[in-house]
Amino acid sequence: MLIDEIKKANIKAMKEHDQNARTAYSMVISSYQSLLTSGSDKEVGDADLIKIIVKFGKELDEEGNGYKQANREEDYKNILAQKEAIMKFLPKMMDEAEIRSIIDKLEDKSIPAVMKHFKLNYNGKVDMGLVNKVLKGL
């Protein structure tokens, strides 16, 4: 499972004294553990972990932009290092051309139908915002 790989990377970062990677991995592991103990009967898997990483990546982008605007270069570089550490665990995301190709093959090109198709079949491998943008551009 993906969580096992992240835990191994966390141990490696600890041994290498990489504080940025440790921070990022610890946040992801903590969110994963919270999801496990949330009381929900739903099984937590790699797709859920991917959602956590994507969400955390977006939060790091926002935080990094704040540091950049405040001219805090060192903090901005730390945020970039944290994001880089966790993003390597995401699967390769689909690009616009791949998304457009899939949409072209669909019979029903209405927004709800296309979004549902991508959510069911490509969850964690596609940015749904990008799907929406491509769909509106057709």
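Residues numbered from 1 in each chain as written. Predicted model: local features only at pLDDT ≥ 70, side-chain atom pairs only at ≥ 80, totals over all residues. Heavy atoms only, no water.

Colleague: Sorry if this is basic, but what is going on with the pattern of salt bridges here?
Modeller: Evaluation of the coordinates by the stated rule reveals 6 salt bridges. A network of salt bridges, in which partner residues are shared, links Glu-96, Arg-100 and Lys-133. (Salt bridge = Lys/Arg side-chain N within 4 Å of Asp/Glu carboxyl O.)

Colleague: So what exactly am I meant to see when it comes to unusual backbone geometry here?
Modeller: Note: most residues except glycine have negative phi, and most peptide bonds are trans. Phi at His-17 takes a positive value of approximately 55 degrees, unusual for a residue other than glycine. Mapped onto the fold, His-17 is located in the loop between helix H1 (2–15) and helix H2 (19–36). Looking at His-17, the relative accessible area reads 72%, which means it is exposed. For Asn-71, which is not glycine, the phi dihedral falls at a positive 55 degrees. For Asn-71, the location among the structural elements is in the loop between helix H3 (46–69) and helix H4 (73–87). Overall, Asn-71 belongs to the exposed group, its relative accessible area being 67%. (Helix = DSSP H or I, 4+ residues; strand = E, 2+ residues; numbered from the N terminus. Buried < 20%, exposed > 50% of the residue type's maximum accessible area, 1.4 Å probe, protein only.)

Colleague: Help me understand the packing of H1 against H2, please; the structure alone is not making it clear to me.
Modeller: The axes of two packed helices give the description: the angle between them and the distance between them. Running from N to C, H1 and H2 point in directions that differ by 145 degrees, and their axes come no closer than 9 Å. Viewed along their axes, H1 and H2 form a crossing whose handedness is left-handed. Of the residues in H2, those in contact with Ile-3, Ile-6, Lys-7, Ala-9, Asn-10, Ala-13 and Met-14 of H1 are Ala-21, Arg-22, Tyr-25, Ser-26, Val-28, Ile-29, Tyr-32 and Gln-33. Class assignment for the residues of the contact of H1 with H2 results in 10 nonpolar, 3 polar and 2 charged. (Axes fitted to C-alpha atoms, helices over the stretch in contact; angles between N-to-C directions. Left-handed = near helix turned anticlockwise from the far one by under 90°. Contact = heavy atoms within 4.5 Å. Nonpolar A, V, L, I, M, F, W, Y, C, P; charged D, E, K, R; others polar.)

Colleague: Looking at this model, I keep getting lost on the packing of helix H5 (residues 96–105) against helix H7 (residues 128–137). Mind explaining?
Modeller: The geometry of H5 relative to H7 is characterised by a closest axis approach of 10 Å and an angle of 60 degrees between their N-to-C directions. Like other packed secondary-structure pairs, H5 and H7 cross with a definite hand, here right-handed. Where H5 approaches H7, its residues Glu-96, Ile-99, Arg-100 and Ile-103 are matched on the opposing element by Leu-130, Val-131, Lys-133, Val-134 and Leu-135. A breakdown of the residues in the contact of H5 with H7 according to their chemical character gives 6 nonpolar, no polar and 3 charged.

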